[in-house]
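Chain by chain, the residues run as shown.
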Amino acid sequence: MHDLSVLNKPQREAVECLEGPLLVLAGAGSGKTRVLTYRIANLIQHGVAPWNILALTFTNKAAREMRERTEALVSASAADMWVMTFHSCCTKMLRFDADKIGYERNFLIYDDGDQMNLITDILKQMGKNDKNVPKRQIKEMISDAKNMANDPVAYLEESFADDLTIEVFKRYQKRLKEANAFDFDDLLLKVVELLKKNPDVLEKYRKKFKYVLVDEYQDTNAVQYELIELLCREHSNICVVGDDDQSIYGWRGADIRNILDFEKDFKGAKVIRLEQNYRSTSQILDAANAVIKNNTGRKSKTLWTDKKGGEKITYELVPTEREEASYICKTILQNVKNGAKYSDHAILYRMNAQSRVLESTLINYGIPHKVYGGMRFFERKEIKDILAYLRLIYNPNDDVSFLRIVNVPKRSIGDSTLKKLADKAEEMGESLFVAAMDDTGLDSKTASKLRSFTDTMAELMAMCATMPLSLFTEELINHIGYEAYLRSEDKKGETEGRMDNLRELVGNIAEIEKDVDEDSEITALQAFLENVALVSDIDGMNDENDTVSLMTLHSAKGLEFERVFIAAMEENIFPSSRANARLSLDDMEEERRLCYVGITRAKQKLYLISCETRMLFGSYSSNRRSRFVDEIPPELIEMPQPKKQQATLSSFGGSSSALYPQHASAHMLTKKTETVASKPKTAQSPVAKQFSVNDKVRHAQFGEGTVVNVSGTGSTMVVNIHFADGKIKNFAAAYAPIEKI
DNA sequence: CTGTCGTTTATTTTT
DNA sequence: TAAACGACAG
């Protein structure tokens, strides 16, 4: 049996409180996953059947972790428990009963891009595709409405949405249903509808899920709240775990009041606070506490640790974002030299756009790294194209996929052809693909063009049934001549990379195929498409590779690293300019919570960096350092003395004062190279390697090339290398993994 | 229908 | 900066 003595007092209390509503306020790093898993184990220990337990998370990673750790505790297989994300749970419920609310059970899930495409098409049909229509905004409003309420139209009307938005919403919903698709918001909303309209279904799940646990409760929105309430109202065996200070998804509809009002909502709720932090040193924790203290309306809570002392936080002010990146790189190399691993380090930032400079500098220094988030694998054009073929095979009513690929590769099917088809489909009350299959009522030219597509699809559909999905996908790519198409469109030599991605996709499919049970009614295709929709790259994060992690502050929630860099601690970036401009207290407090999340990711050491001047959206801007830096008590931070002489780019030297850097004049920054500017503070650089023009070199990552230019000397030497594949790059000679050959 | 060219606009995005 | 989108000519 598992050993409760590893738990501290409040943890044990939470684990042993099995009945009735329970709110666990779990500060960052206070062992909430441990509490959740031990509590589940304890339920089972007390005779609760695994299939009576539902544990909901937001990420697949959290779900996987909870499942694995629980299984380790209870030895018995926890296969019958539902430990999954809200969206997976709802998908599963809809696979059983979607027919009861007028959908088919082989529905598809539309992601953001699909939603956008659908809205674009709707606007086009309405003759409103001019650029003055704020498509993005309409999409956001639709999503907001679905997150806030179970009657989105009423919500939109009440919030004085314009007529266009309401009309688009209605059509959007109708089109989704015709395509037999749910968007992410619908997965939740429609389950609530299902449960409300079908008392028998509700009863089934109420009986089944006698014990419900919810992770990251502070991030639940109104619909998730309603789902939980529907399932738990009767028995009230609801345990929620969360931290109001880590609520950072308000802009996605998460309602912090859910956690603040839990005790009111569930009468007799027990509240347990986990305030002992096992992650960070007291220096870091004190800083986090000091920052978050500036927020109002929190559940009172003060994290403490017995890891006294530790290294001070380092604050560094550098001239530009390039120096920021090289400062980070050099510090990482220094740490690694002193025995740290690359994977002990994370670089966090407010916006994905910041990752570019960081990444290119990491490459220059030869530091292994991985960028999480940003453009997701499944959002790449080539992947979405091939996926669209698979989706249309799975569900011929999927108009979004149809529109995506009907002319990819080029089949001379453009707007006018599609207009004729859309009219016909409308008349028939059928989807585009179904309408295209039948040429009656179309002129011969239109019909023959469409046939070039439908014939291809028919062949593919027949082929699909005869072979494993991974093999079929390979065949599909060949069959439609996709590589040739890519080449014909390619201007920047991207074809190879895109084909590599497609090979990765095929590999991905093969993986899933392996796990699909031969006899189960779920086909590999369905399992794969569902996986694509519901899984993100951070879910696949593993500790096996020794790499530096780069990600946004948002994506870092739930993770921890020995050493954390937070880049761009600057007003208008972090806190973001929007939070500033709107002067909205709520927005500012959410930014502060984000900062709190960032700080508390660090176990051992935190670095905060800001720039005097930063290239942003194509122009230079100067922002004073973030207010959050100033909210940290000075005794916790090491602030380097303003340096009089920077090694290079000394034009900035005089402009920095320790407190508020004045705006450096932008025109001085015309030099544009991937140059490492400032001199390393200590003699940590490897023996300076000497390069000269025309040297043949080999780079660990990019292969062989020729040095075409050299600038600087010693540790600041930068070499410009022309690689065999045509790429030209700059490297910091002293650090990059290059050698003469 | 397709390619090119200018214009516009830029958080965060667990799912 | 750069990518994404729409206008417009071929």
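Residues numbered from 1 in each chain as written. Chains lettered and ligands numbered in written order. Predicted model: local features only at pLDDT ≥ 70, side-chain atom pairs only at ≥ 80, totals over all residues. Heavy atoms only, no water.

*Asks:* I'm lost on the packing of helix α17 (residues 381-394) against helix α25 (residues 524-534) in this one. Help?
*Replies:* Pairs of packed helices are described in terms of their axes, by the angle between the two and the distance that separates them. One way to put it is that α17 packs onto α25 with a least axis distance of 11 Å and a crossing angle of 130°. By the angle between their directions, the pair α17 and α25 is classed as oblique. As α17 runs across α25, the sense of the crossing is left-handed. Contacts from L387, L390, R391, I393 and Y394 in α17 reach L525, Q526, F528, L529 and V532 in α25. Broken down by class, the residue content of the contact of α17 with α25 amounts to eight nonpolar, one polar and one charged. (Axes fitted to C-alpha atoms, helices over the stretch in contact; angles between N-to-C directions. Helix = DSSP H or I, 4+ residues; strand = E, 2+ residues; numbered from the N terminus. Parallel < 35°, antiparallel > 145°, perpendicular 65-115°, else oblique. Left-handed = near helix turned anticlockwise from the far one by under 90°. Contact = heavy atoms within 4.5 Å. Nonpolar A, V, L, I, M, F, W, Y, C, P; charged D, E, K, R; others polar.)

*Asks:* Could you clarify how one ought to interpret the environment of H369 in this entry?
*Replies:* Mapping H369 onto the fold places it in strand β11 (residues 369-371). The exposure class assigned to H369 is buried, which follows from its relative accessible area of 18%. Apart from the residues lying within four places of it in its own chain, the contact partners of H369 are E359, L362, I363, T547, V548 and L550. A polar contact is formed between the side chain of H369 and the side chain of E359, at a distance of 3.3 Å. Within the structure, H369 has its side chain in polar contact with the backbone oxygen of I367 (distance 2.8 Å). (Buried < 20%, exposed > 50% of the residue type's maximum accessible area, 1.4 Å probe, protein only. Polar contact = N/O pair within 3.5 Å; in protein donor to acceptor, adjacent residues only side chain to side chain.)

*Asks:* Is there a simple way to explain the protein's contact with DNA strand B in this structure?
*Replies:* Near DNA strand B lie 33 residues; those nearest to it are R350, R376, T417, T552 and R578. By atom count, sugar and phosphate contribute 55% of the portion of DNA strand B lying within 4 Å of the protein. Contact between DNA strand B and R252: a base nitrogen at 2.8 Å from a side-chain N or O atom of the residue. Interatomic distance of 2.8 Å between a side-chain N/O atom of S416 and a phosphate oxygen of DNA strand B. (Near = heavy atom within 4 Å.)

*Asks:* So what exactly am I meant to see when it comes to the sheet that holds strand β10 (residues 345-349) here?
*Replies:* Where strands meet in a sheet, backbone hydrogen bonds hold them as pairs that are either parallel or antiparallel. Spatial strand order, β11-β12-β10-β13-β14-β9-β17: seven strands in an open sheet with parallel pairing. Lying at the two open borders of the sheet, with one neighbouring strand each, are β11 and β17 (637-638). Bridge count between strand β9 (residues 313-318) and β17: two bridges; the pairing is parallel. Residue pairing in the sheet places T314 in a bridge with E638 of β17. Across the face of the sheet, helix α14 (residues 282-292) comes into contact with β9 and β14 (602-611) while running at roughly 55° to β14. (Pairing = 2+ DSSP bridges.)

*Asks:* What am I meant to see in the pattern of salt bridges here?
*Replies:* Here the idea is simple: oppositely charged side chains can pair when their charged atoms come close. Evaluation of the coordinates by the stated rule reveals 63 salt bridges. Linking D443 and K420 is a salt bridge whose minimum nitrogen-to-oxygen distance equals 3.5 Å. On the criterion of sequence distance, the pair formed by D443 in the loop between α20 (432-436) and α21 (444-464) and K420 in helix α19 (residues 415-428) is long-range, its members being 23 residues apart. On the basis of relative accessible area, K420 is assigned to the partly exposed category, the value being 37%. Across the salt bridge formed by D630 and R625, the nearest N and O atoms sit 2.8 Å from each other. Residue D630 is classed as partly exposed on the basis of its relative accessible area, which comes to 32%. Take R625: its relative accessible area is 3%, and that puts it in the buried class. (Salt bridge = Lys/Arg side-chain N within 4 Å of Asp/Glu carboxyl O.)

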